Amino acid sequence: MKCRLGPDGIHLFDRATGLNVLIDEVRVPEGQWSVAPRQVSIAVTNACDLTCAYCYAPKHRAHLDPKRLCEWIVELDDAGTLGIGFGGGEPTVYRHITDVCIYAAEHTGLAITMTTHGHKWNADLVSRLKDALNFVRISVDGTGATYERLRGRSFAELRVRLDLIAEGFPFGLNCVVNAETVGQLTAVADLAAEHGAAELLLLPERPTAIGRGAPRDVLDQLETWVLSYSGSVPLTISEDAAISMPTAVALPNETGLRSYAHLDASGIVHASSYSEAGQKVGEDGVLAAFGRLAMTEVA
Ligand code: SF4
């Protein structure tokens, strides 16, 4: 079990069960707060074999050196990070992904998750990652013909992959919410329940250089749907979209870079995967880069 000290108290976390215990009766002096972000997403590569129109992953070729990545992961673990999430691009096209996951599982107490489109998973990959991954997030935007139009892959094939992944790992579905998918949220939630997903993460499409993001009427429809939802699969939502939603915030004082940060495939740390501002990780390590980023955010 990992122990993290922060502004909300003492946070105990067990990656094997997903158990979180917060002892908030204890006020931890600021000088003892963990200096690393609680959760770090890591884009191991920018490469992907799909071409989703709303993809915000950088399009230049880049991937992380596995040796340096393993050093940074250990550094994060030692400094109090509780979990890392591998993504991209598509992490399963990164040829070092199984080695890095296994290394992280064996040398740290971090919870290790992966966000994937799911289509490259087979029995061999499930077997190799079985003892190394704690949770898998599968991107499923809409169902049936909508999914096939947006992702350019067979929906029937996706369902086969969902069953395959479900045999090896607890998993959740991630759904980008936009004008094309908002009317299909019930179908996506039913899909999640049918395949045994542990959660459905709602991701309203963000405005980026290539897209305007989910418009106001889509966000209104999303809110109406959430308020009337009675399905069995728990819902979660991206933090920036949660403002008008009935969400529970377990750690209200651990915000910004203390709660979350992103490491991109070029070895640059950001406050989020959408943020342009960043700091390159140098020879002084990943925590020093987070420290420089925090200074620029304050300035
Ligand atoms: S699967 Fe993900 S990384 Fe690949 S193109 Fe689609 S959104 Fe981008």
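Before any of the text, the structure's been laid out above.
These remarks concern the structure in this document.

Scoring rules and cut-offs
Residues numbered from 1 in each chain as written. Predicted model: local features only at pLDDT ≥ 70, side-chain atom pairs only at ≥ 80, totals over all residues. Heavy atoms only, no water. Helix = DSSP H or I, 4+ residues; strand = E, 2+ residues; numbered from the N terminus. Buried < 20%, exposed > 50% of the residue type's maximum accessible area, 1.4 Å probe, protein only. Contact = heavy atoms within 4.5 Å. Polar contact = N/O pair within 3.5 Å; in protein donor to acceptor, adjacent residues only side chain to side chain. Pairing = 2+ DSSP bridges. Axes fitted to C-alpha atoms, helices over the stretch in contact; angles between N-to-C directions. Parallel < 35°, antiparallel > 145°, perpendicular 65-115°, else oblique. Left-handed = near helix turned anticlockwise from the far one by under 90°. Nonpolar A, V, L, I, M, F, W, Y, C, P; charged D, E, K, R; others polar. Phe/Tyr/Trp six-rings, centres within 6.5 Å; stacked < 30°, edge-to-face > 60°. Lys NZ or Arg CZ within 6 Å of the ring centre and 35° of its normal. 1 Å grid on protein atoms, 1.4 Å probe; cavity = no way out; pocket = protein on both sides within 12 Å on 5 of 7 lines; lining within 4 Å. Points joined across faces, edges and corners; volume = space filled by probe spheres on them. Disulfide = S-S within 2.5 Å.

1. A look at the environment of Asp8
So, point 1. Summarising the element assignment, Asp8 is placed in the loop between strand E1 (2-6) and strand E2 (9-14).
So, point 2. Residue classification places Asp8 among the buried residues on the basis of a relative accessible area of 6%.
So, point 3. In the structure, Asp8 is positioned 17 residues away from Glu25 in sequence and 8.8 Å away in space, judged by C-alpha atoms.
So, point 4. Those residues in contact with Asp8 that sit more than four places away from it in its chain are Leu22, Ile23, Asp24, Arg27, Leu251, Pro252, Asn253 and Glu254.
So, point 5. Within polar-contact distance, the side chain of Asp8 engages the backbone nitrogen of Glu254 at 3.1 Å.

2. Here's the deal with the sheet that holds strand E7 (residues 135-139)
So, point 1. One open sheet accounts for 10 strands, arranged E10-E9-E8-E7-E6-E5-E4-E11-E12-E13; its pairing is mixed. Every other strand in the sheet has two partners, leaving strand E10 (235-237) and strand E13 (278-280) as the edge strands with one partner each. Taking each pair of neighbouring strands and ignoring which way they run, the sheet shows an average axis angle of 25°.
So, point 2. As paired strands, strand E12 (residues 268-270) and E13 are joined by 3 bridges and run antiparallel to one another. Counted as the bridge partner of Val269 is Gln279 from E13.
So, point 3. Packed onto the sheet, helix H2 (residues 97-107) meets strand E5 (83-87) and strand E6 (111-116) and runs at close to 155° relative to E6.
So, point 4. Across the face of the sheet, helix H7 (residues 216-228) comes into contact with strand E8 (171-177), strand E9 (199-204) and E10 while running at roughly 160° to E9.

3. Considering the packing of helix H5 (residues 155-168) against helix H6 (residues 185-195)
So, point 1. Their axes nearest at 10 Å, the elements H5 and H6 cross at an angle of 40°. Regarding the angle of H5 to H6, the classification is oblique. The handedness of the crossing between H5 and H6 comes out as right-handed. Here H5 contributes Phe155, Arg159, Leu162, Asp163 and Ala166 to the contact with H6, which in turn contributes Leu191, Glu194 and His195.
So, point 2. Residue composition of the contact of H5 with H6, by class: 4 nonpolar, 1 polar and 3 charged.

4. Things to note about the packing of aromatic side chains
So, point 1. Scanning the model with the defined rule gives 4 aromatic pairs in all.
So, point 2. Both rings, one in Trp225 and one in Tyr229, keep their centres 5.0 Å apart while their planes meet at 45°; by these two values the pair is tilted.
So, point 3. A relative accessible area of 13% means that Trp225 is categorised as buried.
So, point 4. Relative accessible area serves as the criterion here: at 21%, Tyr229 is assigned to the partly exposed category.
So, point 5. If you follow Arg206 out to its NZ or CZ, it ends over the ring of Tyr274, 4.1 Å from the centre.

5. Digging into the layout of surface pockets
Any empty space left between atoms is shown by rolling a water-sized probe over those atoms.
So, point 1. A volume near 340 Å³ is recorded for the second largest pocket.
So, point 2. Around the second largest pocket sit 20 residues that line it, and Thr45, Asn46, Ala47, Cys48 and Ala62 are the ones nearest its centre.

6. Some remarks on empty space enclosed by the protein
So, point 1. Evaluation of the coordinates by the stated rule reveals 1 cavity of 30 Å³ or more.
So, point 2. Counted as a void, the largest cavity has a volume near 30 Å³.
So, point 3. Lining the largest cavity are Arg4, Leu5, Gly6, Pro7, Asp8, Gly9, His11, Leu251 and Glu254.
So, point 4. Looking at the lining of the largest cavity, the elements that each hand over two or more residues are E1 and E2.
So, point 5. The element best represented in the lining of the largest cavity is E1, accounting for 3 residues.
So, point 6. Tallied by class, residues from the lining of the largest cavity come to 3 nonpolar, 3 polar and 3 charged.

7. Brief notes about unusual backbone geometry
So, point 1. Of the consecutive residues Gly88 and Gly89, the connecting peptide bond is found in the cis state with omega at 15°.
So, point 2. Residue placement: Gly89 occurs in the loop between E5 and H2.

8. Concerning the state of the cysteines
What we call a disulfide is simply a covalent bond connecting the sulfur atoms of a pair of cysteines.
So, point 1. Summed over all chains, the structure comprises 0 disulfides.
So, point 2. Cys101 carries a free sulfur, and the closest cysteine sulfur to it, the one in Cys70, is 9.4 Å from it.
So, point 3. What makes Cys101 buried here is its relative accessible area of 0%.

Geometric descriptors of this kind do not, in isolation, establish any biological role.
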